[in-house]
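Inside the fold
So the chains spell out like this:
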Amino acid sequence: MAAENEVLLDVTPGGSAIVTLNRPDKHNAFNADIIARLSDIFETLRANTDEVRVVFLRGAGRSFSAGADLEWMKAAADWTHEDNQADALNLARMLKRLHDLPQTTIALVQGAAMGGGAGLMAACDVAVAVKDAKIRFSEVRLGLTPATISPFVVRAIGPRYARALFATGEGFDGEFAHKIGLAQYVVESADELDDMMEYLGKLAFQTAPGAVRDAKALVDMVADREINDDLLRKTAHQIADRRVSDEGREGLAAFLEKRKPYWAD
């Protein structure tokens, strides 16, 4: 399968997974095969939380991802509505699998991150962008809308910026992505992405895997919810669960005994 060489998965002995979009001549644009390959990889990673603690997503060459492949888009113009819907749903589900991974997920972004490429950024927990990255929700310039990526982008940057950037199709750089919350870190050059990869990897390995999974789910549970007694009870229930969990007991014991917990060894 050609996509196996166009999306690479490398899992280090220490437990880092690096997923690399490997179509540098196409600026890592994706098509149906790439989407299927990414979806399969994310499902594999989801089932391997014991071996994988952090997931990095990056692009080979000059760009992170230019979004949809032009040949793929050209072919889609001749498909039926049903075929287009099924194809788009595959992309949406792939992004959801990335968003729902229990591990910490980190996008390392240089060069172009257009349309669906920017959607990949938004679906990760953390994004690091090079200062001069070129980012755009470009769909309206093609007579389309950023429909499948919208749930992840709106959660990442909020409805106000999403409306403005979706409607205008205006391009922006890594610094602006940082300003609006699409990127949590901005670096001067692509050479610094490896340094950030090492730094964020070290942070990830100081955290308890089950706690990371539950902390991510906690954000989804409380986001945009009314702060009422029902929500307070649900949050109290979660912390009570964590306190009596193996990780919770180990973390407290390690703190009191002034040692590292087993997941940080």
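Model, not experiment: these values are computed from the prediction. (Residues numbered from 1 in each chain as written. Predicted model: local features only at pLDDT ≥ 70, side-chain atom pairs only at ≥ 80, totals over all residues. Heavy atoms only, no water.)

1. A few points about the overall build of the chain
Counted only if it meets this: Secondary structure elements are taken from DSSP: a helix is a run of H or I of four residues or more, a strand is a run of E of two residues or more, and numbering for both begins at the N terminus. The globule rule used here is 2.2 Å times the number of residues to the 0.38 power, and the radius of gyration it is set against is calculated over C-alpha atoms. Between buried and exposed lies partly exposed: a residue is buried under 20% and exposed over 50% of the maximum accessible area for its type, with that area taken using a 1.4 Å probe on protein chains only. In what follows, a contact means two residues having at least one pair of non-hydrogen atoms within 4.5 Å. All accessibility values rest on the Shrake-Rupley procedure with a 1.4 Å probe; residue burial counts only the protein chains present in the view. All tallies of charge rest on Lys and Arg as positive and Asp and Glu as negative; His and the ends of each chain are not included. For charged residues, the charge sits on one atom: NZ in Lys, CZ in Arg, CG in Asp, CD in Glu.
Assigned secondary structure in the chain consists of eleven helices and eight strands. A globule of 265 residues ought to have a C-alpha radius of gyration of about 18 Å, and the chain, at 19 Å, matches this closely. Dimensions of the chain along its principal axes, counting C-alpha atoms only, are 65 × 45 × 35 Å. Burial status across the chain gives 44% buried among its 265 residues. Partitioning the intrachain contacts of the chain with sequence separation of at least 6 by distance along the chain shows that 68% fall at a separation of at least 24. Summed over all atoms, the accessible surface of the chain reaches about 14,200 Å², with 54% contributed by carbon and sulfur. The centroid of the 31 positive side-chain charges in the chain is displaced by 4 Å from the centroid of its 40 negative side-chain charges.

2. Things to note about unusual backbone geometry
If you check the backbone angles, H27 has positive phi at about 55° while not being a glycine. With relative accessibility at 28%, the residue H27 sits in the partly exposed group. We note that N28 has phi near 60°; this positive angle belongs to a residue other than glycine. The residue N28 is located in the loop between β2 (16-21) and α2 (32-46) in this model.

3. Thoughts on the layout of surface pockets
Formally: Cavities and pockets are found on a 1 Å grid laid over the protein atoms alone: a cavity is a set of points where a 1.4 Å probe fits but cannot escape, a pocket is an open set with protein on both sides within 12 Å along at least five of seven lines, and a lining residue has an atom within 4 Å of such a point. Grid points are joined across faces, edges and corners, and a volume is the space filled by probe spheres set on the points. Any residue that is not Ala, Val, Leu, Ile, Met, Phe, Trp, Tyr, Cys, Pro, Asp, Glu, Lys or Arg is counted as polar, Gly included; the first ten are nonpolar and the last four charged.
Approximately 890 Å³ is the volume attributed to the largest pocket. Taken together, 31 residues form the lining of the largest pocket, with A68, W72, M73, E139 and L144 sitting closest to its centre. If you list the elements that add at least two residues to the lining of the largest pocket, you get α3 (70-76) and α4 (81-99). A per-class count over the lining of the largest pocket returns 16 nonpolar, nine polar and six charged. Roughly 620 Å³ of volume is contained in the second largest pocket. What lines the second largest pocket is a set of 26 residues, among which H99, D125, R155, V219 and D220 lie closest to the centre. Among the elements of the structure, α5 (116-123), α6 (150-168) and α9 (209-222) are those that each provide at least two residues to the lining of the second largest pocket. The leading source of residues in the lining of the second largest pocket is α9, at seven residues.

4. Looking at the environment of L165
Mapped onto the secondary structure, L165 falls in helix α6. Given a relative accessible area of 3%, L165 falls into the buried group. On a C-alpha basis, the gap between L165 and F137 in space is 6.6 Å, while along the polypeptide they are 28 residues apart. Leave out the neighbours within four places in its chain, and L165 touches F137, I157, E170, F172, F176 and I180.

5. Structural notes on a nonpolar patch on the surface
Our working rule: Patches were defined on residues exceeding 30% relative accessible area and lacking a salt bridge, with like-charge contacts within 9 Å and nonpolar side-chain contacts (Val, Leu, Ile, Met, Phe, Trp, Tyr) within 5 Å. The rule for a salt bridge is simple: a side-chain nitrogen of Lys or Arg has to be within 4 Å of a carboxyl oxygen of Asp or Glu.
A contiguous nonpolar patch, built from L252, F255 and L256 and spanning about 380 Å² of accessible area, is present on the exposed surface. Of note, L256 is situated in helix α11 (residues 246-256).

6. Considering the packing of aromatic side chains
Filter applied, for reference: Aromatic pairs are defined between Phe, Tyr and Trp rings, using the six-membered ring for Trp, whenever the two ring centres lie within 6.5 Å; interplanar angles under 30 degrees are classed as stacked, those over 60 as edge-to-face, and all others as tilted.
Applying the stated rule across the entire model yields six aromatic pairs. Ring centres of Y161 and F176 lie 5.9 Å apart, and the angle between their planes is 90°; this geometry places the pair in the edge-to-face category. Of this pair, Y161 sits in helix α6 while F176 sits in helix α7 (residues 174-180), and the two are 15 residues apart along the sequence. Given a relative accessible area of 30%, Y161 falls into the partly exposed group. When the ring of Y262 is compared with that of W263, the centres are 5.1 Å apart and the planes differ by 75°; the resulting orientation is edge-to-face. Of the residues examined, W263 reaches a relative accessible area of 10% and is grouped as buried. Through pairs of rings, three or more aromatic residues link up here, namely F137, Y161, F166, F172 and F176.

7. Digging into the packing of α5 against α6
Using the following cut-off: Orientation is described by axes fitted as lines to C-alpha atoms, over the contacting stretch for helices, and by angles from 0 to 180 degrees between their N-to-C directions. Oblique is the label for any angle not under 35 degrees, not over 145, and not in the 65 to 115 range, which are roughly parallel, roughly antiparallel and roughly perpendicular in turn. Should the near helix be turned anticlockwise from the far one by less than a right angle, the crossing is termed left-handed; should it be turned clockwise, right-handed.
It is the contact of α5 with α6, at a shortest axis distance of 8 Å, that shows an interaxial angle of 60°. Taken as axis vectors, α5 and α6 run oblique relative to one another. When the axes of α5 and α6 are compared, the crossing they make is left-handed. In contact with G119, A122 and A123 of α5, α6 contributes F152, V153 and A156. Partitioned by chemical class, the residues of the contact of α5 with α6 number five nonpolar, one polar and no charged.

8. Here we look at the nonpolar core
Basically, it comes down to this: For our purposes a nonpolar core is just a set of buried Ala, Val, Leu, Ile, Met, Phe, Trp, Tyr and Cys residues, chained together by side-chain atoms within 4.5 Å.
Counting residues in hydrophobic clusters, the biggest one holds 48 residues, and the most contacted among them are L45, L120, M121, I135, F137 and L182. Residues contacting I135, with those up to four places away along its chain left out, are A113, M114, A118, M121, E170, G171, F172, D173, G174, A177 and L182. Counting residues in hydrophobic clusters, the runner-up holds 15 residues, among them I18, L108, V187 and F205.

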